[in-house]
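# Tertiary structure, described
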Amino acid sequence: LAEVMSHVTAHFGKALDECREESGLTADILEGFQNFWSEDFDVVHRELGCALICMSNKFTLMQEDARMHHINMHDYIKSFPQGELLSTKMVDLIHNCEKQFDDIEDDCTRVVKVAACFKVDAKKEGIAPEVTMIEAVLEKY
Ligand code: BOM
């Protein structure tokens, strides 16, 4: 499942460049989206939350309220090789994290908290990819 997640991350990450300007996420903070999964990268910057909203909107993965669009996220993950094995787990993990930070009003701040929670939980579940796995599939997208 980490392999599937590497494909999802590689594809989703291609939207980062289109979102750098409006989000203010500099290469200084995050050079490539694959580094999201690095042990050395702390998921703490509000700008990353803004970038995730912008990137998600490129694929209609969020609702107007900057919460996950469950059906679209499910279908998006299923579109990758063996994606059906990951989609339900991933939607559940993200939604569980959303519930924990629902009281944060600022969308970018809340989304980066949700993303940090998702990174921790994905690692716990053994579905987090290594950066090298993502780099190996980047050229496919
Ligand atoms: O309420 C906010 C819901 C969106 C949270 C996004 C979580 C994703 C964190 C970043 C990890 C990305 C890996 C693959 C792409 C998933 C769309």
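Conventions we followed
Residues numbered from 1 in each chain as written. Predicted model: local features only at pLDDT ≥ 70, side-chain atom pairs only at ≥ 80, totals over all residues. Heavy atoms only, no water. Helix = DSSP H or I, 4+ residues; strand = E, 2+ residues; numbered from the N terminus. Contact = heavy atoms within 4.5 Å. Polar contact = N/O pair within 3.5 Å; in protein donor to acceptor, adjacent residues only side chain to side chain. Near = heavy atom within 4 Å. Areas by Shrake-Rupley, 256 points an atom, 1.4 Å probe, with all protein chains shown as cover. Nonpolar A, V, L, I, M, F, W, Y, C, P; charged D, E, K, R; others polar. Phe/Tyr/Trp six-rings, centres within 6.5 Å; stacked < 30°, edge-to-face > 60°. Buried < 20%, exposed > 50% of the residue type's maximum accessible area, 1.4 Å probe, protein only.

Assignment of secondary structure puts Q63 in the loop between α3 (46-58) and α4 (70-78). Along the primary structure Q63 and K14 are separated by 49 residues, whereas in three dimensions their C-alpha atoms are 21 Å apart. Once residues within four sequence positions are removed from consideration, Q63 is found in contact with M68 and H69. One polar contact links the side chain of Q63 to the main-chain carbonyl oxygen of M68, over a distance of 3.1 Å.

What follows deals with the site of the ligand. Close to the ligand lie 17 residues, the nearest being F12, M62, A66, M90 and E98. In isolation the ligand exposes 490 Å². Once the protein is present, 99% of that is buried. Of all the elements in the fold, those that place two or more residues in the shell around the ligand are α1 (2-13), α5 (87-100) and α6 (107-124). Here the element with the most residues in the shell around the ligand is α6; it accounts for four residues. Split by residue class, the shell around the ligand holds 14 nonpolar, one polar and two charged.

Moving on: unusual backbone geometry. One non-glycine residue, A66, lies in positive phi territory at about 65°. Position of A66 relative to the elements: it lies in the loop between α3 and α4. At Q82, a residue that is not glycine, the phi angle is positive and equals roughly 60°. One can find Q82 in the loop between α4 and α5.

Take the packing of aromatic side chains next. Going through the model one piece at a time under the given rule, you end up with eight aromatic pairs. For the pair W37 and F118, a centre-to-centre distance of 5.9 Å together with 65° between the ring planes defines the contact as edge-to-face. Placement of the pair is W37 in the loop between α2 (16-23) and α3 and F118 in helix α6, with a sequence separation of 81 residues. Judged by its relative accessible area of 4%, W37 is buried. An angle of 70° between the planes, with centres 5.9 Å apart, marks the rings of F80 and Y141 as edge-to-face.

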